[in-house]
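Spelled out, the chains give:
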Amino acid sequence: MRVVFMGTPSFAVAVLRRLVADRWEVVAAYTQPDKPKNRGMKLIPTPVKEFAVTENIPVYQPESCRDEAALAQLRALEPDVIVVAAYGKMLPQALLDIPRIAIINVHSSLLPQYRGAAPINWAVLNGDEETGVTVQYMAAELDAGDILLTKRTAIDPGEDAGQLYDRLAALGGEAASEALALLERGEAPRTPQVYGPQYQYAAMLSREMSPLDWAKPAQTLVNQVRGLIPWPCATTDVAGTRWKVFRAHVGGPSEKSPGTILSADKGGIAVACGDGKALVITELQADGGRRMTAAEYLRGHPIQVS
């Protein structure tokens, strides 16, 4: 069965790696064009391109998937199935119609919950206890196609979005390989999605989401810290210095007003929250500094406790 893969970041690499390991016939990898980075503006290949080259998989990087030449190129590959994982571009109906059997997408949530750009982050931001990956048949509407299969996993209370990203990427590879086996045998099911108000759209993240509001409950702030890693990160200002906060947990009770610094020692920096509990910051990065533990920071920057 001839498989064309479409993806761009490290999440997609994990999926492609599993397809290669399971010996599916991946005849091409499509990924976004190389982009200039750093001071020299050198063109940097995408993670998928880097991996595909090491596996001698032909790589295609069209500027637009709506271009007729790009569509003709894809048709010439005669794919039976196209597997998409975090490609990063909307795909036109003309492309969806190309594969002989199906075009499927690996989405990092339990659809129809968290359609959209940042499903992993929103699952953590909302304090969900479970998430997973969904393999869906692609449709013109974003993340709205029929479901082929899902795989579930618990979210550890201390896990951040970056760590969950890596786990779901591996789970996505497993799901994609299983989906191909079902399609090859003609046994792949189709379950229509029923979208309703009980489901949340996973909108793109922004820097406006970063500032910690000490009037909120401590656990909500912990989830904010976990959910905004690796970008844009939760932030707060202490004594005129802006911090990115990377690790925090709920501390003991407090009768102080929200935002009051309760303690600052080797155990962390405890700040009063709106629910009468403390948030204990244990890892941070001050503007212009490096990421470090709170204890390391305090050795050079003592903080006055209220």
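Sequence order as written defines the numbering, with residues in each chain counted from 1. Owing to the predicted nature of the model, reporting of local features is limited to residues with pLDDT of at least 70; listing and counting of side-chain atom pairs is limited to 80 or more, with chain, interface and lining totals taken over all residues. In computing side-chain properties, one takes all heavy atoms of the structure into account and sets aside hydrogens as well as water.

*Asks:* Provide a residue-level description of the nonpolar core, including the pertinent values.
*Replies:* The term nonpolar core refers to a set of buried residues drawn from Ala, Val, Leu, Ile, Met, Phe, Trp, Tyr and Cys, joined through side-chain atoms within 4.5 Å. Exposed residues in this analysis have more than 50% of their type's maximum accessible area, buried residues have under 20%, and partly exposed residues fall in between, with area computed by a 1.4 Å probe over protein chains only. With 50 residues, the main nonpolar core has Phe-5, Val-83, Ile-104 and Leu-148 as its most contacted residues. Only DSSP runs of H or I with at least four residues qualify as helices, and only runs of E with at least two residues qualify as strands; both kinds are numbered from the N terminus onward. For this core, the leading source of residues is helix H6 (residues 161-185), giving twelve residues. Only heavy atoms enter the contact rule, under which two residues are in contact if any of them lie within 4.5 Å. Residue contacts for Val-83: discarding those within four places in its chain leaves Val-3, Val-4, Phe-5, Met-6, Leu-19, Ile-104, Val-106, Ala-176 and Leu-180. In terms of nonpolar packing, the next biggest core, distinct from the first, is built from 24 residues, Trp-214, Val-271, Tyr-297 and Leu-298 among them.

*Asks:* Outline H6, supporting the account with residue identities and numerical values.
*Replies:* Take the number of residues in a helix, subtract one, and multiply by 1.5 Å to get its expected span. If you check H6, its first and last C-alpha atoms are 35 Å apart, about what 25 residues at 1.5 Å a residue would give, namely 36 Å. Here a polar contact is recorded for every N or O atom pair within 3.5 Å, except that within protein the pair must consist of a potential hydrogen donor and a potential acceptor, and residues adjacent in sequence are included only if both atoms are side-chain atoms. For H6, the N-terminal capping position is held by Asp-160, with its side-chain oxygen 2.9 Å away from the main-chain nitrogen of Gly-162. Where H6 terminates, the next one or two residues include Gly-186, which has phi positive at roughly 70°.

*Asks:* Pulling in residues and values, what's your account of the sheet that holds strand S5 (residues 59-60)?
*Replies:* The pairing criterion for strands is at least two bridges between them, as found by DSSP. Spatially, the seven strands line up as an open sheet ordered S5-S2-S1-S6-S7-S9-S10, and their pairing is mixed. Lying at the two open borders of the sheet, with one neighbouring strand each, are S5 and strand S10 (147-154). Both strand S2 (residues 25-30) and S5 contribute to a ladder of two bridges, which runs parallel. Considered in S5, the bridge of Ala-29 is made with Val-59. Strand contacts of helix H3 (residues 68-76): strand S1 (2-7), S2, S5 and strand S6 (81-85), with the helix running at about 170° to S2, the strand carrying the most contacts. In this fold H6 packs onto S1, S6, strand S7 (102-107), strand S9 (130-137) and S10, with an angle of close to 150° to the strand it touches most, S10. Axis angles are defined between N-to-C directions and span 0 to 180 degrees, where every axis is a line fitted to C-alpha atoms and, for a helix, only to the segment in contact.

*Asks:* Lay out the state of the cysteines in plain terms, naming residues and giving numbers.
*Replies:* Two cysteine sulfur atoms form a disulfide, by the criterion used here, when they sit within 2.5 Å. For the structure on display, the rule yields zero disulfides. Unpaired in terms of disulfides, Cys-233 finds its nearest cysteine sulfur in Cys-273, a separation of 18 Å.

*Asks:* Talk me through the environment of Lys-277; I want residue IDs and the actual numbers.
*Replies:* Following the sequence through the fold, Lys-277 ends up in strand S16 (residues 277-286). A relative accessible area of 40% means that Lys-277 is categorised as partly exposed. Here the alpha-carbon distance between Lys-277 and Ser-254, two residues 23 residues apart in the chain, equals 5.2 Å. Apart from the residues within four sequence positions on either side, Lys-277 is in contact with Ala-218, Val-250, Gly-252, Pro-253, Ser-254, Val-271 and Ala-272.

*Asks:* Give me the lowdown on the pairing of strand S13 (residues 241-253), citing residues and values where you can.
*Replies:* Both faces of the sheet carry side chains from a regular strand, because those side chains alternate between them. Sheet topology note: the strand S12 (residues 234-238)/S13 ladder contains five bridges and is antiparallel. The partner of Thr-236 across the bridge, within S13, is Trp-243. Following S12, the chain reverses through two residues before pairing antiparallel with S13; Ala-239 in that reversal takes a positive phi of roughly 50°. With eight bridges connecting them, S13 and S16 associate as antiparallel partners. Opposite Trp-243, over in S16, you have Ala-286 as the bridge partner.

*Asks:* Give a description of helix H2 (residues 47-54) that names residues and reports values.
*Replies:* Because an α-helix packs 3.6 residues into every turn, residues spaced three or four apart end up facing the same way. Listing the buried residues of H2 in full gives Val-48, Lys-49, Phe-51 and Ala-52. Looking straight down H2, one finds its buried side chains confined to an arc of 165°; they lie on one side. The elements touched by buried residues of H2 are S1, helix H1 (10-21), S2 and S5. Asn-56 lies just past H2 and shows a positive phi near 60°. Working note: the arc is built from the helix axis to C-beta atom directions.

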